[in-house]
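# Coordinate analysis (summary)
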Amino acid sequence: MLRIAVPNKGSLSETAAQMLFEAGYTGRRDPRDLVVADPANDVEFFYLRPRDIATYVGSGALDVGITGRDLLLDSHSPAKEIANLNFGDSTFRFAGPAGRFETLADLAGLRVATSYPGLVERFLATHDVKVQLVTLDGAVESAVQLGVADAVADVVSTGSTLRKAGLEIFGPVILESTAVLIDSGNEKPGIATLLRRLQGVLVARQYVLMDYDIPVAQLDAACQLAPGIESPTVSSLHDPEWVAVRVMIPRKEMNSVMDDLYELGARAILVTTIHNARL
Ligand SMILES: Nc1ncnc2c1ncn2[C@@H]1O[C@H](COP(=O)(O)OP(=O)(O)OP(=O)(O)O)[C@@H](O)[C@H]1O
Ligand SMILES: O=P(O)(O)OC[C@H]1O[C@H](OP(=O)(O)OP(=O)(O)O)[C@H](O)[C@@H]1O
Ligand SMILES: [Mg+2]
């Protein structure tokens, strides 16, 4: 059985569970369940703190896991990122009182609060800046106001937590993070299937199917405008001067592609959701 670590709480847990459900796996019925067996798929799920997942997978106790890239790097675990799961995006940044800091070098010798000391230490070492790290469990934005630190290094998503605490981002981007699939580096039967299934879910989330009819004279221009992943499917219509086209389009571009195709002469443009895929 493949042993898979899944976040039990926090920002990544809901989407991770949803993706696994869409990929055909059994989820947990009770949010307090710690272990769920899914014998039909020959896997077992372990619901763990996202921060601990790299440790379990890196040690080989579990085979694969879903966690954040920032948490993986913070852990110093030998676990490896094997796929970007395209959710839970965040950036990891330094922030301080508005106007106080301009560059990374301004931090030298000062106190920096963070819940990701491993990540921050390594970043500062490669940039040759020495600080006093203050390790906290969370809510690090309050550390400056409360006088235990001069600056913070933390996860930034919308930036509203920083703003409310009167802090401003400065210095270089420490990390662009996203949810990732990690493994221990050991080949294990079943990982490839899990990966393909999750990739199928990602494709279904990121693409839509578009069908349209177009005059043959405009077909090449239309295919250039919307080339799809491999190549659009072109079918004949009863009217020999028109053809029907089916193509995959990135969901984000759906409306602008419809506008452009219509301008070009396409009609009966229909968009359909993809439920799952193997490309
Ligand atoms: N708005 C966000 N706040 C915190 N973490 C986020 C956010 N958006 C994405 N993430 C990612 O989620 C992971 C952190 O999840 P984790 O569950 O440890 O923290 P959390 O969501 O802050 O939960 P909690 O603090 O309640 O334990 C990191 O990989 C982080 O980059
Ligand atoms: O940029 P924003 O959209 O405001 O999001 C980022 C904030 O959200 C998280 O905090 P969380 O609420 O998880 O509390 P914590 O610091 O105790 O983990 C994170 O640690 C930041 O503080
Ligand atoms: Mg948090």
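Just so it is clear, the structure is predicted and the values come from calculations on it, not from any experiment.

Once that is clear, we can look at the site of ligand 1. If you check the shell around ligand 1, you find 15 residues, and the closest are Gly-10, Ser-11, Gly-68, Ser-90 and Ser-157. Counting only elements with at least two residues in the shell around ligand 1, the list comes to α2 (50-58) and α3 (69-75). Residue composition of the shell around ligand 1, by class: 4 nonpolar, 8 polar and 3 charged. When residues are assigned to domains, the shell around ligand 1 turns out to be shared by domain 1 (2-88 + 178-189) and domain 2 (90-176), each giving three or more.

Close to ligand 2 lie Gly-138, Ala-139, Glu-141, Asp-154, Val-155, Val-156, Ser-157, Thr-158, Gly-159, Ser-160 and Thr-161. Within the residue set of the shell around ligand 2, elements represented by two or more residues are β9 (151-156) and α6 (160-164). At 3 residues, β9 tops the list of elements feeding residues into the shell around ligand 2. Classifying every residue of the shell around ligand 2 gives 3 nonpolar, 6 polar and 2 charged.

As for its placement among the helices and strands, Tyr-47 is situated in strand β3 (residues 43-48). Separated by 35 residues in the primary sequence, Tyr-47 and Ile-82 place their C-alpha atoms 20 Å from one another.

The next subject is the sheet that holds strand β6 (residues 90-97). If you walk across this open sheet you meet the 5 strands as β8-β7-β9-β6-β10, and the pairing is mixed. In this open sheet, the two strands that pair with only one neighbour each are β8 (132-135) and β10 (167-177). Across the sheet, the axes of successive neighbouring strands diverge by a mean angle of 25°, strand direction being ignored. The pairing of β6 with β9 spans 5 bridges and is classified as antiparallel. Each bridged residue has a counterpart across the sheet, and for Thr-91 the counterpart in β9 is Val-156.

Before going further, it helps to examine the UniProt feature "domain: ATP phosphoribosyltransferase catalytic" (unreviewed entry) in the chain. Here, UniProt's "domain: ATP phosphoribosyltransferase catalytic" (unreviewed entry) annotation points to residues 49-200. What you have in residues 49-200 is 30% helix and 32% strand, and the ends, taken at the C-alpha atoms, are 26 Å apart.

Turning our attention to helix α1 (residues 13-22). Inspection of α1 places Ala-16, Ala-17, Met-19 and Leu-20 among the buried residues, and these make up the whole buried set. Along α1, the residues classed as buried sweep out an arc of 160° about the axis, all on the same side. If you follow the buried residues of α1, they end up packed against β1 (2-7), β4 (64-68), β11 (179-183) and α7 (191-206). Once α1 ends, the next one or two residues include Gly-24, with phi positive near 95°.

Below, the discussion takes up the sheet that holds strand β14 (residues 242-250). Across the sheet, which stays open at both edges, the 4 strands sit in the order β13-β14-β12-β15 with antiparallel pairing between neighbours. The sheet is open, and its two borders are formed by β13 (233-236) and β15 (267-273), each paired with just one other strand. Each strand axis lies, on average, 20° off the axis of its neighbour in the sheet, ignoring direction. Lying on the sheet, helix α9 (residues 254-264) is in contact with β12 (207-215), β14 and β15; it crosses β15 at an angle near 165°.

What counts, and where the lines are drawn
Residues numbered from 1 in each chain as written. Chains lettered and ligands numbered in written order. Predicted model: local features only at pLDDT ≥ 70, side-chain atom pairs only at ≥ 80, totals over all residues. Near = placed C-beta within 6 Å. Helix = DSSP H or I, 4+ residues; strand = E, 2+ residues; numbered from the N terminus. Nonpolar A, V, L, I, M, F, W, Y, C, P; charged D, E, K, R; others polar. Domains from an automatic or database assignment. Pairing = 2+ DSSP bridges. Axes fitted to C-alpha atoms, helices over the stretch in contact; angles between N-to-C directions. UniProt positions renumbered as here; feature names shortened; annotations may be inferred. Buried ≥ 20, exposed ≤ 12 C-beta atoms within 10 Å, placed from the backbone. Arc of directions from axis to C-beta. Contact = placed C-beta atoms within 7 Å.

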